[in-house]
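# Observations on the model geometry
As a plain string of letters, each chain reads:
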Amino acid sequence: LDRLQVTQVLAMEKIGYRIRKVLDLIQQAKSSAYSLSVRLQFYTSNIIELYHRDLTEQRKSAQQEDISLLHRAKAYIYAHYMDEGLKVDTIVKALLTSKTTLCRVFQENNLTVNAAIRTIRIYKGREMLRTSNDSVDMIAFRLQFSTAKYFIKTYVHYFGHTPAMERKLHPP
């Protein structure tokens, strides 16, 4: 575009003052060390760098939100581990998040929500075995295990010995 064409375009379109100034500067650019192509390369690289920084910050922010959600979910499970209705859906409703997001956050930490619930319950069961005289059946019932047999099987899987052995090792 020559100067006359730029003037005609500016006259036909209502272009803002700053844009008009930029177009005038582009028209005045001559081949030199600081020519238009060099300036465009410089500004393009600056824009790419800024965009990269923004993406990095956004990713860090998302990771922090995920970690926060994981901690809030675990805290919720700790607070409600004895509740009969403790399921993924109840946690999702309580934390105001989606099931997909919650499951993704747990999967990124090599867990599932149900495994986290089971783990917290089994460790609480261990604590109950060490601090109370309740029967294994009663503890399994309180912790929402379907049967005492399943509680014992899970307990052996986690700790390598039965609840009865736990009581012998650590009497209440």
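See above for the structure.
In short, a report on the structure. (Residues numbered from 1 in each chain as written. Predicted model: local features only at pLDDT ≥ 70, side-chain atom pairs only at ≥ 80, totals over all residues. Heavy atoms only, no water.)

Bringing helix α5 (residues 99–108) into the picture now. For α5, the complete set of buried residues consists of L102, V105 and F106. Considered in projection along α5, the buried side chains sweep an arc of 95 degrees and stay on one side of the axis. Exposed positions of α5 whose direction lies more than 90 degrees from the buried face are T100 and Q107. Positive phi shows up at N110, right after α5, with a value of about 55 degrees. (Buried < 20%, exposed > 50% of the residue type's maximum accessible area, 1.4 Å probe, protein only. Helix = DSSP H or I, 4+ residues; strand = E, 2+ residues; numbered from the N terminus. Arc of directions from axis to C-beta.)

As enumerated under the stated definition, the model contains seven aromatic pairs in all. A centroid spacing of 6.3 Å and a plane angle of 85 degrees characterise the contact between Y123 and Y158, whose relative ring orientation is edge-to-face. Within this pair, whereas Y123 is found in helix α6 (residues 113–131), its partner Y158 is found in helix α8 (residues 148–159), the two being separated by 35 residues in sequence. Judged by its relative accessible area of 42%, Y123 falls in the partly exposed class. Taking the centre distance of 4.7 Å and the plane angle of 55 degrees together, the rings of Y155 and F159 count as tilted. Of this pair, Y155 and F159 both sit in helix α8, four residues apart, which is roughly one turn of the helix. A single burial state applies to Y155 and to F159, both of which are buried. Through a chain of ring-to-ring contacts, the aromatic side chains of Y123, F145, Y150, F151, Y155, Y158 and F159 assemble into a single cluster. (Phe/Tyr/Trp six-rings, centres within 6.5 Å; stacked < 30°, edge-to-face > 60°.)

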